[in-house]
Number of protein chains: 2
Amino acid sequence: MTSAGHGPDTAAPDPIQDYLDDLHFRIGRMSGGTVASYIPELAKADPMQCGIAIATVDGKVYAAGDARTPFTIQSVSKPFLYGYALERYGREAVLQRVGVEPTGEAFNSIVLDEVHNRPFNPMVNAGAIAVAETVRGHTLGERIDTLLALFGRFAGRPLAIDEAVFESEKATGHRNRAIAYMMLNSGMIRAAPEDILDVYFRQCAIEVTAVDLAVMGAALANNGVNPLTGERALAAEFIPDVLSVMNSCGMYNYAGQWSYDVGIPAKSGVAGSIMAVIPGQLGIAVFSPPIDGHGNSVRGVAACRDIAATFGLHVFKTQITARTVIRRELRADVTRSKRVRGPAERRVLDAEGRRIAILEVQGPLFFGSTERLLRRVGALAGDADHLILDLRRVPSMDEAASSLLLRLAAGFATPQRSLAFAHLGAEGPLGDLHRGLAEAPGGLSGRVFADRDAALEWFENRLIAAAGLSGEESRFSLASIDLFRGLPAEDIKRLEAMARPFVFETGDTLIRAGDAANVFFVIARGSVSVQVPAPERDGRKTIRIASLGPGLSFGEMAVIDGGRRSAEVVARERVVCYGFSVEQLKEVGEAHPEMIVRIYANMTRDLSERLRRMTAEVEALES
Amino acid sequence: MTSAGHGPDTAAPDPIQDYLDDLHFRIGRMSGGTVASYIPELAKADPMQCGIAIATVDGKVYAAGDARTPFTIQSVSKPFLYGYALERYGREAVLQRVGVEPTGEAFNSIVLDEVHNRPFNPMVNAGAIAVAETVRGHTLGERIDTLLALFGRFAGRPLAIDEAVFESEKATGHRNRAIAYMMLNSGMIRAAPEDILDVYFRQCAIEVTAVDLAVMGAALANNGVNPLTGERALAAEFIPDVLSVMNSCGMYNYAGQWSYDVGIPAKSGVAGSIMAVIPGQLGIAVFSPPIDGHGNSVRGVAACRDIAATFGLHVFKTQITARTVIRRELRADVTRSKRVRGPAERRVLDAEGRRIAILEVQGPLFFGSTERLLRRVGALAGDADHLILDLRRVPSMDEAASSLLLRLAAGFATPQRSLAFAHLGAEGPLGDLHRGLAEAPGGLSGRVFADRDAALEWFENRLIAAAGLSGEESRFSLASIDLFRGLPAEDIKRLEAMARPFVFETGDTLIRAGDAANVFFVIARGSVSVQVPAPERDGRKTIRIASLGPGLSFGEMAVIDGGRRSAEVVARERVVCYGFSVEQLKEVGEAHPEMIVRIYANMTRDLSERLRRMTAEVEALES
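For chain A, the name recorded in an unreviewed UniProt entry is Glutaminase, with Prosthecomicrobium pneumaticum as its organism. Per UniProt, chain A carries the Catalytic activity (unreviewed entry) text "L-glutamine + H2O = L-glutamate + NH4(+)". According to the UniProt record, the Sequence similarities (unreviewed entry) comment for chain A reads "Belongs to the glutaminase family."

What follows deals with the confidence of the model for chain A. Residue and element names in this part refer to chain A. Here chain A shows a mean pLDDT of 87. Residues at 70 or above account for 93%. Within chain A, strand β6 (residues 206-208) carries the highest mean pLDDT (98), whereas helix α18 (residues 557-561) carries the lowest (68). Overall fold confidence (pTM) sits at 0.80, and the ipTM for the predicted complex is 0.78.

A separate point is the interface of chain B and chain A. On the side of chain A, 112 residues touch chain B, which itself brings 111 residues to the contact. Surface buried jointly by chain B and chain A totals about 10,100 Å² across both partners, of which 62% is contributed by carbon and sulfur atoms. At the junction of chain B with chain A, the criterion picks out four salt bridges. The salt bridge involving Arg375 of chain B is made with Asp58 of chain A; its shortest N-O contact spans 2.9 Å. Where chain B meets chain A, there are 19 residue pairs in polar contact (both at pLDDT 80 or more). The element contributing the most residues to the side of chain B that touches chain A is helix α20 (residues 593-622) of chain B, with 20 residues.

When chain B is fitted onto chain A, the two copies agree to an RMSD of 0.2 Å after a turn of 180° and an axial shift of 0.0 Å. Considering both components of the superposition, the chain copies are consistent with a two-fold axis. Interface overlap between copies is the fraction of interface residues in one copy that are interface residues in the other; for chain B against chain A it reaches 100%, indicating a shared surface.

Time to look at the domain arrangement of chain A. Residue and element names in this part refer to chain A. The domains assigned to chain A are domain 1 (33-311), domain 2 (322-466) and domain 3 (478-622). Between domain 2 and domain 3, the C-alpha centre-to-centre distance is 32 Å. Across the contact, 13 residues belong to domain 2 and 19 residues belong to domain 3. Both sides of the domain 2 and domain 3 interface together cover about 1,400 Å² of buried area, and 47% of this is carbon and sulfur. Summed over the three residues of domain 2 that lose the most area to domain 3, namely Lys338, Val340 and Arg346, the buried surface amounts to 38% of that side.

Between its terminal C-alpha atoms helix α2 (residues 78-97) of chain A stretches only 15 Å, short of the 28 Å expected from 20 residues at 1.5 Å a residue. Along α2 of chain A, the residues that are buried comprise Lys78, Pro79, Phe80, Leu81, Tyr82, Gly83, Tyr84, Ala85, Leu86, Val94 and Leu95 of chain A.

Right, let's talk about the sheet that holds strand β9 (residues 339-340) of chain B for a bit. One key point about sheets: their strands pair by backbone hydrogen bonds, in either a parallel or an antiparallel sense. Residue and element names in this part refer to chain B. Here we have five strands laid out as an open sheet, ordered β9-β18-β17-β20-β15, and mixed in their pairing. Because the sheet does not close on itself, it has two edges, and the strands there are β9 and β15 (509-511). Sheet topology note: the β9/strand β18 (residues 542-548) ladder contains two bridges and is parallel. Within β18, the position partnered with Arg339 by the bridge is Ser547.

Turning our eyes to something else, we now look at the pattern of salt bridges. Under the definition given, this model contains 76 salt bridges over all chains. With a shortest N-O distance of 2.6 Å, Asp212 of chain B and Arg157 of chain B are connected by a salt bridge. In this pair, Asp212 of chain B is assigned in helix α8 (residues 210-221) and Arg157 of chain B in the loop between α4 (140-155) and α5 (163-172), connecting sequence segments 55 residues apart. On the basis of relative accessibility, which here comes to 4%, the residue Asp212 of chain B falls in the buried class. Note that Arg452 of chain B is salt-bridged to Asp390 of chain B, the shortest N-O span being 3.2 Å. Residue Arg452 of chain B is located in helix α16 (residues 452-466), and its partner Asp390 of chain B is located in strand β11 (residues 386-393); the two are separated by 62 residues in the primary sequence. Comparing Arg452 of chain B with Asp390 of chain B, the two get one shared label, buried. Three or more residues joined by partner-sharing salt bridges are found here, namely Arg327, Arg328, Glu360, Asp390, Arg393 and Arg452 of chain A.

All names here are of chain A. Inspection of every chain in the model, using the stated rule, returns 27 aromatic pairs over all chains. Ring centres of Phe449 and Trp458 lie 5.4 Å apart, and the angle between their planes is 50°; on these two criteria the pair is classed as tilted. Members of the aromatic cluster, each reached through a chain of ring pairs, are Phe502, Phe504, Phe521 and Phe554. Residue placement shows Lys60 over the ring face of Tyr62; its charged tip is 5.0 Å from the ring centre.

Of note in the backbone geometry, Asn223 of chain A takes a positive phi value of approximately 55° without being a glycine. Within the secondary structure, Asn223 of chain A sits in the loop between α8 (210-221) and α9 (239-249). The phi dihedral of Asn117 of chain B is positive, around 50°, even though this residue is not glycine. Mapped onto the elements, Asn117 of chain B comes out in the loop between α2 (78-97) and α3 (125-132). Overall, Asn117 of chain B belongs to the partly exposed group, its relative accessible area being 34%.

Reading guide: rules and limits
Within any chain, residue numbers begin from 1 and follow the written order of that chain's sequence. Throughout, the order in which chains and ligands are written sets their labels, letters from A for the former and numbers from 1 for the latter. Reporting in this predicted model follows two pLDDT cut-offs: at least 70 for local features of residues, and 80 or more for side-chain atom pairs to be given and counted; totals over whole chains, interfaces and linings ignore these cut-offs and use all residues. In computing side-chain values, all of the structure's heavy atoms are included and hydrogens and water are not. UniProt positions are given in the numbering used here, feature names are shortened, and annotations may be inferred rather than shown by experiment. By definition, pLDDT measures how confident the predictor is in each residue, and it falls between 0 and 100. Only DSSP runs of H or I covering at least 4 residues are called helices, and only runs of E covering at least 2 are called strands; the numbering of each starts at the N terminus. Residue contacts follow a heavy-atom distance rule, with two residues in contact if any of their heavy atoms lie within 4.5 Å. Two parts placed together each lose some accessible area under a 1.4 Å probe, and adding up what both lose gives the buried area. By definition here, a salt bridge exists when the distance from a side-chain nitrogen of Lys or Arg to a carboxyl oxygen of Asp or Glu is within 4 Å. Throughout this description, a polar contact denotes any pair of N or O atoms lying within 3.5 Å of each other; where both atoms belong to protein, one of them has to be capable of donating a hydrogen while the other can accept it, and for residues adjacent in sequence the pair is counted only when both atoms sit in side chains. Superposing the copies works by least squares over the C-alpha atoms of residues that have pLDDT at least 70 in both of them. Each domain span listed reflects an automatic or database assignment of domains. Between the first and last residue of a helix there are one fewer steps than residues, each counted as 1.5 Å, and that sum is the expected span. Working definition: with a 1.4 Å probe on protein chains only, accessible area under 20% of the residue-type maximum means buried, over 50% means exposed, and in between means partly exposed. The pairing criterion for strands is at least two bridges between them, as found by DSSP. Only rings of Phe, Tyr and Trp enter the pairing, Trp through its six-membered ring, and a pair is recorded when the two centres are within 6.5 Å. The plane angle decides the type: under 30 degrees is stacked, over 60 is edge-to-face, the rest tilted. Each ring is checked for a lysine NZ or an arginine CZ that lies within 6 Å of its centre and within 35 degrees of its normal; such an atom marks a charge sitting over the ring.

Now the structure itself:
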């Protein structure tokens, strides 16, 4: 199970697998308990079998021992069918049929909640039989199909019924028959007991492995989505209900102590399995046939206790993660859009850029993390009045978060302040917020940008415009080009004589990577993007590394190196520019070296300034 | 409560405060319930009073209505004293005195767990009276001091006892007297009942406000640390115990339904308060005197239900946050240390740099997040054999995480692979891991670096050395200096004539920011740091923006601009370098412009290459 790497010596270390192997070795030797015998077929199980599996919410499975040995699911099926019933009939209807109160009684207790005329909870047999009546299907065959489809979605693979165990259970399950008739007698079920038991006994006889149960538990931990297939097995809204009853009733009359000591919602089955769920993290399953007086696997209880204690997994052992909701906070005096700005614009952004703040938000947005985020936004209000919430790293957002952010956006709809959302897709997990913004009065949707760079450039342009400048004005005079500043009039004349005008339309490629570099350009009107191919696995095809407007030059490294172009340059709009032949420039330069020295000095100063800004930006990005 | 900003129009939006005000308005109008009358003094309470407060684990408090009106804490004191007893006597001893089993009985039930000879749980009066016996002190005065100190730590301010309520409760608390004598009779308590009740009645009569209770709840949510004062009120290991019993028993005989529906550990008091805890996020408190038949505040229950439903706060409504444990993954082909490298070294790092991976880890490390991290480390093993775990953003690490990382480090102790920890302090929350590494066989402690840059430079040096190069060799010949490459022999001779040798010792300042820039330097031996002052609120005094070794030059912008130095340059070790007067160089340049053009071309090429690399680095840092 370890990766091959460069040979055994260099196999990746896997401390968790090591721990599991060690745990399996330790508990495999434990004695105590007896194999369940009330179903004759179960009594045949080998008491030495012992398998442990852990599955994470993103589908990694660790396994040790007999983790792939099949056994029947028995009572571990109960929480899944309870979830099914809730999803099918809703919370209220199901609560009328089955309670949620723990009892001190054994799993096969015949005691019922006479006050509410229902079984106490869905984890005891009586409750599970009531739940089994809700399985959809006109015929037994259809009901079996429903069962297998449900459990298959949770396990992430097709499951089957162990017919021998089913027959054995059907032939000997008289206590369950008695329970069913008691319930029929008091109107807690309506269908014929034998019909319901035909479903119930089959549900208990579904064949699974410890790995299956771990994955099924991980699906519960993962808010109902199977971590292997990505398929939803149960609506997220019913997960808390299922975990609540597992927590209070899942270990029968050992549940109180279990919940206090081990503190993990769990369910045990009489074939010797226990499935435990760490919400948001893991499913854990142990299989070992000998069970104790409560009906719980002896080695299973020991293994769960060990895992919980070793890894600190009590439900109320809390990790405070809301703190990381703000990944990074940046200001536009240091962090700029990829629009390269001329000196006057740079001065505006140097002075005013702090008014634009970018908050990189990360992780799921729920109340705790959103509250933190809102608080930071509030604290920024006096200082930064243009705010970009970069949601690229937000994988999900619950209703509470979405409604709080809508309230926030409404609070920002003033002339003095603006709020932009970047990476907020109309589709996908953040779609609710996108729709909410689009439907809000006052056209808040204008504040949604495809990416952060676009939002940042837009806010920069606002600051530049507010300062009475415009980055967009044409620069047809070569003397106004940054690269040529300080040149005497006769040098400018020489350059004018050499300049060849070019016009490009939106989307035209001006420079192609790999081409010979023998011309450099200065922009008189319009703007261009400099872009390079994106690395593999990046969603994008190309990455824009800069955009340039009037007065700026590109391709000037050609003057030094000749060689090949290293990036592609594309017109963002209609572009008018001048091209200079490097060959010709060199000839002129030999006659007038002081002109070349001046151009070099301008170029060096500009590069040096950009390098200095970028060093500061790297520093900001790293901190 | 809102920040002043630029006037009322620009006050920071506060959606959570808005919600709370709205909720207060809605529930303030509710009728139903009656003010508790069994303690005469409590019967005087104004039934219209209603206050709500929410406190976060980092100390932000939201409040609405009568949130600062004092009332007596009553039964809400029980979980705190239970925690106190656990901390004082340990789990086992306390479990022998008080159970953890929910009962269907009312708060003042006289029914006891006869099988184990103890009250059922510490949330009913019997259990709380047993717990009150554990309060430290030889005299009543000392016991009262213990009580007030405990509650003051939780509230973050000194609290006092409402003597009138205490006297009233003492005068009329015959039922509690009966319970105490029953327990004395069966040996569940040993001290004189009146002595214990003197503590118990006072504990119930401590005066708090809704804000206090919210903060006290937030301290429980914050693993026992008061969020206002930063003081620990209860050892973290007992928090799960306290929350478990609150969850199963805190709302008396309404607890089962509460835990299923609302799903938040909570405790109510007969003066009309409810305190609820969202582990890792919040404390919530509501105060409104009218109580229902279970003894729970009517408006309190309604407010908690509304808050829980609106903000999705059910304990088993899980946020899956382990995913964000890796903040960013970087490779040294793109992300480099601040050591500026010459062309040959650059080629080595361009080709081999991917073998060094930096994982920026963030958020608390616990099993779920550490498992994710280990998995990524495992996946990298075939590809990157030098690994830096940058722990700067890890605020805490539990035992499970620390022991898994130690196992990981042991697995990396092979000649083929290396693992370094950056920002792992000997003191503070990560100290356990630091000590574990120091004590591990094989000198793993050598792999701990003060910061990431140091770790990265060390790994880079290893790659460079493995390629048969050394960044450290001296370059006394000017022809070998990068800035002068390609110059004809006669130009080198001219430069040699101008060069003045300098020697600096470790820590010497070579260039001071603000000084006139009239010399530039090339390094023959040793290395220097280029540094700028750190921004305010940064822990550091200066930030190193580069370090340079033999063959590299610094201060060369002086050649172009003259002007002032923009950064400080300090010797990292003994440095031998050559200085060139800019004035003199300019004179020579006028006679030999092609020499200056060549130097400029070298400088431009170098700047341009550094800019390109830095653009790629920014791209990597942003992604």
